[in-house]
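Structure at a glance
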Amino acid sequence: MLTLKQNQPQQLTLDHYLWRCVEKPAVNATLEMTAAGLAVSFTVEESQPLITATVQQEPMLMVCQDSAVELFLAFADTKEQANAQDFKPYIEKCLYLNIEINAAGICYAKHGHSRKNRVAFTPEQIQSLGISAQIEAAKWQVHFTVPRQLITSLCGYDAFAHVFALNLYKISETPEHEHYVAFNPIAEPKPNFHLPQYFALTQVLPE
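Residues numbered from 1 in each chain as written. Predicted model: local features only at pLDDT ≥ 70, side-chain atom pairs only at ≥ 80, totals over all residues. Heavy atoms only, no water.

Describing the pairing of strand β12 (residues 164–172)
Formally: The buried label applies to any residue whose accessible area, calculated with a 1.4 Å probe on protein chains only, is under 20% of its type's maximum; exposed applies above 50%, and partly exposed to all values in between. Numbering of helices and strands starts at the N terminus; helices are DSSP runs of H or I of at least 4 residues and strands are runs of E of at least 2. Any two strands with at least two DSSP-identified bridges between them are counted as paired.
Counting buried residues in β12 gives 9 out of 9 residues, a clear majority hidden from the surface. Burial along β12 is two-sided: the face carrying Phe164, Leu166, Leu168, Lys170 and Ser172 and the face carrying Ala165, Asn167, Tyr169 and Ile171 are both buried. Note: strand β6 (residues 68–75) against β12, 7 bridges, orientation antiparallel. In the sheet register, Leu71 faces β12, and the bridge partner there is Leu168. Sheet topology note: the β12/strand β13 (residues 179–182) ladder contains 4 bridges and is antiparallel. Paired with Ile171 across the strands is Tyr180, a residue of β13.

This is the structure:
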């Protein structure tokens, strides 16, 4: 169980290099649960990150081809299921979100119960994340916040107040730079981040 304390940043290291990794960038993240929502920061030690998507547009571009970081969240369909001791997220049996952002701050985000037929975030929902990105000489950073109000509207209850699950990733699917880095390991033979059963169960504790 990953435990976060309210209003206290927690640093995490993404150190599971999976499948085919032509490159192995060092990746760290910081999570902080606040009254507003889940604040997320990524720091990637990578010079000259691949950026082809430079403008947020509709339909959204697949930024996983670029150098991108990703937050996946999974929530029980009801708060009663979230509070059950045997809660474990599985595809088709929970709501999950993928928020993918390249080094230029361009976002691809969807939600649903399966990998197919998912609902894209609206431009207003993407804007509500408050994404910022900075590129320096040998590293780049992304910061954003997943609003509590957004999660409550999608789940029908204050899901951040109950047990949920998450995983953090760094990716580029372009063959010359291909890599897959994860916070929580994935025991599958082929690249696939859309597997909530491998997410880390997460609970937020009072200060």
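Now, onward.
Some words on the environment of Arg20
Put simply, the test is: In what follows, residue pairs with any heavy atoms lying within 4.5 Å of each other are defined as contacts.
Following the sequence through the fold, Arg20 ends up in the loop between β3 (16–17) and β4 (26–33). A relative accessible area of 44% places Arg20 in the partly exposed class. C-alpha of Arg20 to C-alpha of Cys107: the two residues are 87 residues apart in sequence and 24 Å apart in space. When near neighbours in sequence (up to four residues on either side) are disregarded, Arg20 contacts Pro175, Glu178, His179 and Tyr180.

A look at the environment of Ala35
Here Ala35 shows up in the loop between β4 and β5 (37–45). In this structure the C-alpha to C-alpha distance between Ala35 and Gln56, which are 21 residues apart in sequence, comes to 27 Å. Each residue touching Ala35, except ones within four places of it in the same chain, is listed here: Gln6, Asn7 and Arg148.

With respect to the pairing of strand β8 (residues 107–112)
Among the 6 residues of β8, 5 are classified as buried, and the element is accordingly described as predominantly covered. By the bridge criterion, 6 bridges tie strand β7 (residues 95–102) to β8 in an arrangement that is antiparallel. Bridge pairing in β8 links Glu100 to Tyr108. In sequence, β7 turns back onto β8 through a hairpin of 4 residues, with Gly105 there showing a positive phi of about 85 degrees.

A few points about the side chain of Asn167
What counts, and what does not: We call two N or O atoms a polar contact when they sit within 3.5 Å, provided that within protein one can donate a hydrogen and the other can accept it, with sequence-adjacent residues counted only if both atoms are side-chain atoms.
Residue position: Asn167 is located in strand β12. At 3.2 Å, the side chain of Asn167 forms a polar contact with the side chain of Tyr169. Within the local environment of Asn167, its side chain forms a polar contact with the backbone nitrogen of Asn184, the two atoms lying 2.8 Å apart. If we skip the residues at most four places from it in the chain, Asn167 touches Glu70, Leu71, Phe72, Phe183, Asn184, Ile186, Tyr198 and Phe199.

Observations regarding the packing of aromatic side chains
Spelled out, the test is: Here is the rule: rings of Phe, Tyr and Trp (six-membered ring for Trp) pair when centre to centre is within 6.5 Å. Planes less than 30 degrees apart are stacked, more than 60 are edge-to-face, and the remainder are tilted. The rule for a charge over a ring is simple: NZ of Lys or CZ of Arg within 6 Å of the ring centre, and within 35 degrees of the ring normal.
For the structure shown, the criterion picks out 10 aromatic pairs. Ring geometry for Tyr180 against Phe193: centres 6.2 Å apart, planes inclined by 80 degrees, an arrangement best described as edge-to-face. Linking Tyr180 in strand β13 with Phe193 in the loop between β13 and β14 (200–205), this pair joins segments that are 13 residues apart in sequence. Considered together, Tyr180 and Phe193 belong to a single accessibility category, that of buried residues. Grouped by ring-pair contacts, the aromatic residues Trp19, Phe72, Tyr96, Tyr169, Tyr180, Phe193 and Phe199 constitute a single cluster. Here the guanidinium or amino end of Arg118 rests over the ring plane of Tyr96, the centre of that ring lying 4.0 Å away.

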